[in-house]
Amino acid sequence: NPPAANPGSWSTSVAWNGSPLFTLNFTISGDPSPADNDTKLVADDSSAIGTRTPLILIHGIHGNQQPNGTDTAAGPYPDYFKNLLAHWRQLPAFSSTNAGGEFKVYRFHYVSDRHSVSDIARALRNALDAQINADKDFDKPFVIVAHSMGGLVARSYLAQAHYSGTYAGHEG
């Protein structure tokens, strides 16, 4: 049994007379954020990350807002970094001729004006931990590029300790 002070994912097998019956899988969240349901980490493409470095883009205030004014994590606005990504895709590190490039792009979307920066940062940490639990290849150093309020979220994230992966117990 894992100690209660060590959140993360774990499993245990149950057997009877030496014969396995079933396996129980558990995930214990160490620090849920009120912003968890108003945020979303989205990969730019569905390809495997492989050896690429994760690159996390974090928009500024109201950067998730659709042209019609809606702002939900369920419907993230994909065009906030459109011009930046168009420029980057001309570079060898992002080139599709370079085996998918050196980076795999993820966008962290959050709803503005609903939660504090620190709550959004905790939700970022939780989203990254969830991604590590879902894909062990994601468990590596990554790059964050943020704009405006996204920079404040990133800075606050750096003070958050991870609960999963290689860096569990370490701050962002």
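Because the structure is predicted, anything quoted here is derived from the model rather than measured.

The rules behind the values
- Residues numbered from 1 in each chain as written.
- Predicted model: local features only at pLDDT ≥ 70, side-chain atom pairs only at ≥ 80, totals over all residues.
- Heavy atoms only, no water.
- Axes fitted to C-alpha atoms, helices over the stretch in contact; angles between N-to-C directions.
- Helix = DSSP H or I, 4+ residues; strand = E, 2+ residues; numbered from the N terminus.
- Parallel < 35°, antiparallel > 145°, perpendicular 65-115°, else oblique.
- Left-handed = near helix turned anticlockwise from the far one by under 90°.
- Contact = heavy atoms within 4.5 Å.
- Buried < 20%, exposed > 50% of the residue type's maximum accessible area, 1.4 Å probe, protein only.
- Polar contact = N/O pair within 3.5 Å; in protein donor to acceptor, adjacent residues only side chain to side chain.

Visitor: Let's hear about the packing of helix α2 (residues 117-134) against helix α3 (residues 149-157): which residues, and what values?
Guide: Axis separation between α2 and α3 bottoms out at 8 Å; the angle between their running directions is 65°. Classified by the interaxial angle, the pair formed by α2 and α3 is roughly perpendicular. Both α2 and α3 take part in a crossing whose hand is right-handed. Between α2 and α3, the residues in contact are Val 117, Ser 118, Ile 120, Ala 121, Leu 124, Arg 125 and Leu 128 and Met 149, Leu 152, Val 153, Ser 156 and Tyr 157, respectively.

Visitor: Describe the environment of Gln 66, and please don't skip the residues or the numbers.
Guide: Its location among the elements puts Gln 66 in the loop between β4 (53-58) and α1 (82-88). We classify Gln 66 as partly exposed; its relative accessible area is 22%. Spatially, the C-alpha atoms of Gln 66 and Pro 76 are 7.8 Å apart, while their sequence positions differ by ten residues. Ignoring sequence-local partners within four residues, the contact set of Gln 66 consists of Gly 75, Pro 76 and Tyr 77. From its side chain, Gln 66 meets the backbone oxygen of Pro 76 in a polar contact 3.4 Å long.

Visitor: Describe the side chain of Asp 38, naming the residues involved and giving the relevant values.
Guide: Examined against the element boundaries, Asp 38 turns out to sit in the loop between β2 (19-28) and β3 (39-43). Residue Asp 38 is classed as buried on the basis of its relative accessible area, which comes to 14%. A polar contact is formed between the side chain of Asp 38 and the side chain of Arg 114, at a distance of 3.0 Å. A polar contact of 2.6 Å, which involves the side chain of Asp 38, links it to the side chain of His 115. Leave out the neighbours within four places in its chain, and Asp 38 touches Ala 73, His 109, Tyr 110, Val 111, Arg 114 and His 115.

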